[in-house]
Amino acid sequence: MEYKLLISLSVEDFRDKYAGSLMGAAWAFVQPLMTILIYWFIFQVGFHSEPVADKPFILWLVAGILPWFFISEAIAGTTPVLAEYSYLVKKVLFPVHMLPLIRILSCLLVQLFLVLFTILFFACFGYFPDLYYLQLPYYMVYMVLILTGIGYFTAALYPFLKDLQQIVGIVLQVIFWLTPIVWDLHMMSDRIQKILVFNPLFYCVDGYRKVFIYKEFFWSNWQMGIYYWAAAIFFWIAGKNLFRKMKVHFADVL
């Protein structure tokens, strides 16, 4: 029964986020589209970026920035989730450990709609779904795993460190520009490339581009794949353990 409660609260969380606004849930999709248009204008119109893998730059950009919308929204949204649901935290019988996952799944709903939009967007350019698209759930599961771990970690610390939300915002900006989302990894020297690929979140961006742009299967570089999954599991275990240890203090500080 717990999974039914999880799904129900995730949908409710998604609705509540945009409740009362004029455009409602449409804002969940308008903001990403505007972000894409801004970066497209800067890099395509301003810097005259060239096509990548014989595909227009806009397609390469969309494929890379798509998982980032999920990553950034999930981490930023999960951090204050205990404070936002403090009335549930103070209920003795409520499974508090579900709250970060509720926010993650709420963000996943937006990601699913954006993935559908991306598939249709690529089709408009003549690139239709193929076998490589079947890898999308694989990368989504990876993101849910690692983001849940990070979410448990930041959510557990937020009640004791109110500045954490601002810190997370700054860290996300740094990670965004250090991850080859709007710029090509091959612009850097081989030495820098070897360092940047160890960013576990790079696996998500590179994975989506393998699906939509480069047409490669995830096992093409299975050695690094093992590293990325090990990192995701480490984040999940560490975050879950910290959350469990701090849980007894949540009701007192909220």
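The structure displayed is predicted, hence computed values, not measured ones.

Here we look at the pattern of salt bridges
Next up, step 1: Per the stated rule, a full pass over the model turns up 3 salt bridges.
Next up, step 2: Residue D130 is joined to K215 by a salt bridge in which the shortest nitrogen-to-oxygen separation is 2.9 Å. Of this pair, D130 sits in the loop between α6 (98–124) and α7 (136–157) while K215 sits in the loop between α10 (202–214) and α11 (222–253), placing them 85 residues apart in sequence.
Next up, step 3: Its relative accessible area of 30% is what places D130 among the partly exposed residues.
Next up, step 4: Taking relative accessible area as the criterion, K215 reaches 24% and is therefore assigned partly exposed.

Focus on the confidence of the model for the protein
Regions with low pLDDT carry predicted coordinates that are not meant to be interpreted in detail.
Next up, step 1: Within the protein, residue pLDDT values average 88, and 96% of them lie at 70 or more.
Next up, step 2: Taking the mean pLDDT of every element in the protein, the minimum, 77, falls on helix α1 (residues 2–18) and the maximum, 96, on α7.

Looking at the nonpolar core
Nonpolar side chains in soluble globular proteins generally cluster together in the buried interior.
Next up, step 1: If you look at the biggest cluster of nonpolar residues, it comprises 63 residues, and the most contacted ones within it are F70, I71, M143, L147, V182, Y208 and F212.
Next up, step 2: Every element with two or more residues in this core is listed here: α2 (27–46), α3 (57–78), α6, α7, α8 (164–178), α10 and α11.
Next up, step 3: Counting residues per element, this core draws most heavily on α3, at 15 residues.
Next up, step 4: What Y208 contacts, discounting residues up to four positions off in sequence, is A63, L66, P67, Q111, V115, L136, Y139, M140 and M143.
Next up, step 5: Core analysis: the second largest hydrophobic core is formed by 16 residues, L82, L99, A156 and F243 among them.

Focus: the side chain of K55
Next up, step 1: As for its placement among the helices and strands, K55 is situated in the loop between α2 and α3.
Next up, step 2: One buried charged residue, K55, remains without a salt bridge, the closest side chain of opposite sign being D54 at 7.1 Å.
Next up, step 3: Here I213 takes part through its backbone oxygen, which lies 3.2 Å from a polar atom of the side chain of K55.

Here is what the cut-offs are and how they apply
- Residues numbered from 1 in each chain as written.
- Predicted model: local features only at pLDDT ≥ 70, side-chain atom pairs only at ≥ 80, totals over all residues.
- Heavy atoms only, no water.
- Salt bridge = Lys/Arg side-chain N within 4 Å of Asp/Glu carboxyl O.
- Helix = DSSP H or I, 4+ residues; strand = E, 2+ residues; numbered from the N terminus.
- Buried < 20%, exposed > 50% of the residue type's maximum accessible area, 1.4 Å probe, protein only.
- pLDDT = per-residue confidence, 0-100.
- Core = buried A, V, L, I, M, F, W, Y, C linked by side-chain atoms within 4.5 Å.
- Contact = heavy atoms within 4.5 Å.
- Lys, Arg positive; Asp, Glu negative; His and termini not counted.
- Polar contact = N/O pair within 3.5 Å; in protein donor to acceptor, adjacent residues only side chain to side chain.

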